[in-house]
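Structure at a glance
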Amino acid sequence: MTPRALVEQLAATIDGHRWEDLPALLHPDFSCRLVHTGETFDRDTWVRLNAEYPGFERFELLDVVADGSRVASRAHVTGTTAGERQHFEVAGFVSVRDGLVAELTEVWADVDQSAPEGTRPQ
């Protein structure tokens, strides 16, 4: 499987809530770094984080760019918290080794934020 196809399969597996299939896509030495919190997870804890995340609904892959063993992606994520629908955008940066996702860096952002006052041209 190409690195691009691997990331597409990873996204489809997450979107399908197929948590039992997720470890097979991840290298035994897998690590994921969440930039916004500074946390790092190994394979088992990252799978568990995704499987147990409260209110998670959809992971829609919107864009993928691959170059050799490196892949960048952008996705839209939806979930529900306290009865409210939430929307997020996530950029993922993947390194593939031995045909598996070895490293993942995720950059999460809330959707529908307003730019700070005075930061945009009139």
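The rules we used
Residues numbered from 1 in each chain as written. Predicted model: local features only at pLDDT ≥ 70, side-chain atom pairs only at ≥ 80, totals over all residues. Heavy atoms only, no water. Pairing = 2+ DSSP bridges. Helix = DSSP H or I, 4+ residues; strand = E, 2+ residues; numbered from the N terminus. Core = buried A, V, L, I, M, F, W, Y, C linked by side-chain atoms within 4.5 Å. Buried < 20%, exposed > 50% of the residue type's maximum accessible area, 1.4 Å probe, protein only. Contact = heavy atoms within 4.5 Å. 1 Å grid on protein atoms, 1.4 Å probe; cavity = no way out; pocket = protein on both sides within 12 Å on 5 of 7 lines; lining within 4 Å. Points joined across faces, edges and corners; volume = space filled by probe spheres on them. Nonpolar A, V, L, I, M, F, W, Y, C, P; charged D, E, K, R; others polar. Phe/Tyr/Trp six-rings, centres within 6.5 Å; stacked < 30°, edge-to-face > 60°. Patch = residues over 30% accessible without salt bridge, like charges linked within 9 Å, V, L, I, M, F, W, Y side chains within 5 Å. Areas by Shrake-Rupley, 256 points an atom, 1.4 Å probe, with all protein chains shown as cover. Salt bridge = Lys/Arg side-chain N within 4 Å of Asp/Glu carboxyl O.

1. Description of the pairing of strand β3 (residues 56-67)
Bridge analysis of β3 against strand β4 (residues 70-81) gives 10 bridges, and the strand direction is antiparallel. Bridge pairing in β4 links Asp63 to Arg74. Linking β3 back to β4 in an antiparallel pair, the connection comprises two residues, with Gly68 at a positive phi of about 65°.

2. Observations concerning the nonpolar core
Of all hydrophobic cores here, the largest spans 26 residues; its most connected members are Leu10, Ile14, Trp46 and Phe59. Residues contacting Ile14, with those up to four places away along its chain left out, are Trp19, Leu22, Trp46, Phe56 and Phe59.

3. With respect to empty space enclosed by the protein
For the structure shown, the criterion picks out one cavity of 30 Å³ or more. In this structure, the largest cavity encloses a volume near 120 Å³. Taken together, 15 residues form the lining of the largest cavity, with Leu10, Phe59, Ser73, Leu104 and Glu106 sitting closest to its centre. Secondary structure elements with two or more residues in the lining of the largest cavity: α1 (3-15), β3, β4, β5 (84-97) and β6 (100-110). Broken down by class, the residue content of the lining of the largest cavity amounts to 12 nonpolar, two polar and one charged.

4. Comments concerning the packing of aromatic side chains
Following the criterion strictly, the structure yields three aromatic pairs and no others. Residues Phe88 and Trp108 carry aromatic rings whose centres are separated by 6.1 Å and whose planes lie at 75° to one another, so their mutual orientation is edge-to-face. In this pair, Phe88 sits in strand β5 while Trp108 sits in strand β6, placing the two residues 20 residues apart along the sequence.

5. Considering a nonpolar patch on the surface
A cluster of nonpolar residues, Val35, Phe93 and Val107, forms a patch on the protein surface that exposes about 220 Å² of accessible area. Mapping Val35 onto the fold places it in the loop between β1 (26-34) and β2 (39-42). The class for Val35 is partly exposed, based on a relative accessible area of 36%.

6. Re the pattern of salt bridges
Side-chain pairs of opposite charge can arise where the charged atoms are in close proximity. Enumeration over the complete set of coordinates arrives at six salt bridges. Taking the shortest distance from any N to any O, the salt bridge between Arg58 and Asp15 comes out at 2.7 Å. Here Arg58 is found in strand β3, whereas its partner Asp15 is found in helix α1, with 43 residues between them in sequence. The closest approach of N and O atoms between Glu89 and Arg74, which form a salt bridge, is 3.9 Å. Of the two residues, Glu89 sits in strand β5 while Arg74 sits in strand β4, which places them 15 residues apart along the sequence.

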